[in-house]
Each structure stands twice: as structure tokens, then as C-alpha cells.
Amino acid sequence: MTVLTMADFNLFYREYNSFISTFKKTSFDSENNFHLCKDTSVEVIDFDAIIENMYPDSNHRPKSFDSIYFDETKNHVYLIEFKNQKKPDKQEIEKKLIDGKRELEVLLNRLSISKNSYEFIFCLVYNKFTPKEERYKRGLFKSTTFEFLNKHKETFFINDIYTEDVSFFTTQFKKKTAKDLQC
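Residues numbered from 1 in each chain as written. Predicted model: local features only at pLDDT ≥ 70, side-chain atom pairs only at ≥ 80, totals over all residues. Heavy atoms only, no water.

## Regarding the environment of glutamate 164
Here comes step 1: Tracing the backbone shows glutamate 164 in strand 8 (residues 160–165).
Here comes step 2: Under the relative-accessibility criterion, glutamate 164 is labelled buried at 15%.
Here comes step 3: Spatially, the C-alpha atom of glutamate 164 lies 7.7 Å from that of cysteine 123, the residues being 41 residues apart in sequence. (Helix = DSSP H or I, 4+ residues; strand = E, 2+ residues; numbered from the N terminus. Buried < 20%, exposed > 50% of the residue type's maximum accessible area, 1.4 Å probe, protein only.)

## Concerning the packing of helix 3 (residues 47–54) against helix 4 (residues 90–110)
Here comes step 1: With their axes 11 Å apart at the nearest point, helix 3 and helix 4 run at an angle of 75° to one another. With respect to their mutual orientation, helix 3 and helix 4 come out roughly perpendicular. Of helix 4, the residues touching helix 3 (which contributes Phe47, Ile50, Ile51 and Met54) are Gly100, Glu103, Leu104, Leu107 and Arg110. (Axes fitted to C-alpha atoms, helices over the stretch in contact; angles between N-to-C directions. Parallel < 35°, antiparallel > 145°, perpendicular 65-115°, else oblique. Contact = heavy atoms within 4.5 Å.)

## Some remarks on the pairing of strand 5 (residues 67–71)
Here comes step 1: Taking burial as the measure, the five residues of strand 5 include five buried ones, the bulk of the element.
Here comes step 2: Side chains Ser67, Tyr69 and Asp71 of strand 5 all project onto a buried face; the interleaved residues Ile68 and Phe70 project onto the opposite face, where all are buried too.
Here comes step 3: Across two bridges, the pairing between strand 4 (residues 43–46) and strand 5 is antiparallel. Along strand 5, the bridge assignment pairs isoleucine 45 with isoleucine 68.
Here comes step 4: Here five bridges tie strand 5 to strand 6 (residues 76–83), and the two strands are oriented antiparallel to one another. For phenylalanine 70, the partnering residue across the bridge sits in strand 6 and is valine 77.
Here comes step 5: Linkage of strand 5 to strand 6, two consecutive antiparallel strands, is achieved through a turn of four residues, within which asparagine 75 is found at a positive phi near 65°. (Pairing = 2+ DSSP bridges.)

## Considerations on empty space enclosed by the protein
Here comes step 1: Enumeration over the complete set of coordinates arrives at one cavity of 30 Å³ or more.
Here comes step 2: Roughly 130 Å³ of volume is contained in the largest cavity.
Here comes step 3: Lining the largest cavity are Tyr78, Cys123, Leu124, Val125, Tyr162, Glu164, Phe168, Phe169, Gln172, Phe173 and Lys176.
Here comes step 4: The set of elements that each furnish at least two residues to the lining of the largest cavity consists of strand 7 (119–126), strand 8 and helix 8 (166–177).
Here comes step 5: Tallying contributions element by element places helix 8 first for the lining of the largest cavity, with five residues.
Here comes step 6: Looking at side-chain class alone, the lining of the largest cavity contains eight nonpolar, one polar and two charged residues. (1 Å grid on protein atoms, 1.4 Å probe; cavity = no way out; pocket = protein on both sides within 12 Å on 5 of 7 lines; lining within 4 Å. Points joined across faces, edges and corners; volume = space filled by probe spheres on them. Nonpolar A, V, L, I, M, F, W, Y, C, P; charged D, E, K, R; others polar.)

## Details of the packing of aromatic side chains
Here comes step 1: Taken as a whole, this structure holds ten aromatic pairs when the rule is applied.
Here comes step 2: Plain terms: the ring middles of phenylalanine 9 and phenylalanine 70 are 4.6 Å apart, the flat faces sit at 40° to each other, and that makes the pair tilted. Of the two residues, phenylalanine 9 is situated in helix 1 (residues 9–15) and phenylalanine 70 in strand 5; the sequence distance between them amounts to 61 residues. One exposure class covers both phenylalanine 9 and phenylalanine 70, and it is buried.
Here comes step 3: With centroids separated by 6.2 Å and ring planes inclined at 35°, the aromatic side chains of tyrosine 69 and tyrosine 78 adopt a geometry described as tilted. (Phe/Tyr/Trp six-rings, centres within 6.5 Å; stacked < 30°, edge-to-face > 60°.)

## Regarding the pattern of salt bridges
Here comes step 1: Counting across every chain of the model gives seven salt bridges.
Here comes step 2: Put simply, aspartate 99 and lysine 95 hold a salt bridge, and the shortest N to O gap is 3.2 Å. Highlighted residues: aspartate 99 and lysine 95, both in helix 4, separated by four residues, approximately one helical turn.
Here comes step 3: Aspartate 99 gets classed as buried once you look at its relative accessible area, which sits at 14%.
Here comes step 4: In the salt-bridge network here, residues are joined through shared partners; they are Glu81, Lys83, Glu92 and Lys96. (Salt bridge = Lys/Arg side-chain N within 4 Å of Asp/Glu carboxyl O.)

What follows is the structure, encoded as C-alpha cells:
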């Protein structure tokens, strides 16, 4: 079997080009009619839509993260989940990471894309509520709420994990990819 190079993740984009979207679309919270990120300049893959297409029966559909962004300059694949809830469900978030990454690996294998050529980074991006006391009530403190995800980093299931508010995500995205987001 031939080992593919980093540019080969672009095969994934070509195969699933009908699912190319934006952060604005993939961050939409239909329940509250709210976009966590309004950026339309950066292309992402709507991974939820791919999974919905693969598993039309919602009773048998695995959980998935919202979008995938590939930074070919660094070989990083960002798996991004947006949350705009009072208190995100820990089990649901963990299922989105686990099921979504496994489904992505299946798709990469079908295209003969070596997952070992990439770093996979899970980003949980949530709405920052003010005042601070309100954020505490909603359970959105990284150190206490989302550290349970670190076990997936420690077992090398995922290379890195970020759980930050939209503002921090926007700043870090620019630092990591040199692309501005208008969130």
C-alpha cells in the first residue's frame, strides 16, 4: 500500500466537495436561531451533513462534530463542534468526538488517506456568557467541565483538544492558520 503525503487530504475535500460550507452555516444553532460564528470567508466541510447523508435514519446515526477545517500548511485537521447551550451535555460532547473521529477515519481509509500523516485537533467552541457568575451557573469553565476530554489526548485518540469560547477560538484560529475569522 502506498503512503500518501499531506496534500492528499485534499482528496477528502474533492470527494466531499458538495459538503463544503462555512463557519457561519456549521455554527448555526437552529433551536435559538443563532450563529456562533458569522464568518463566510473560510471554507470548511460540514461533517454533520456528511454523517446525515451516510445515515439517513437518525435512530442509527452516530454523533458527529459540526465541521472540519484542514490546514495544509501544518498538516492539521481541525474537528470543530459549536455549542450554544446552557450546560452542554458531557456525554454528548464525548460521543461527538469519539463517533465523529471514528467515522472520519472510515472515510479516510476508503480514500486510502493515511491518518498518521496528520494531527487531529478537536475544538469545542462555546458561547461565552457574561457576567462571569452566569458562565459559572452554565457550567462553562474549561478546567472543571471539559477536562474529561483530555483522556482522549492522553491515549493518542486525538492529538490536541481546545475547549474555548468563540472569541478565544477566533484569536487562536488566526494565530494557528494566519486566517482571520469574523465570528
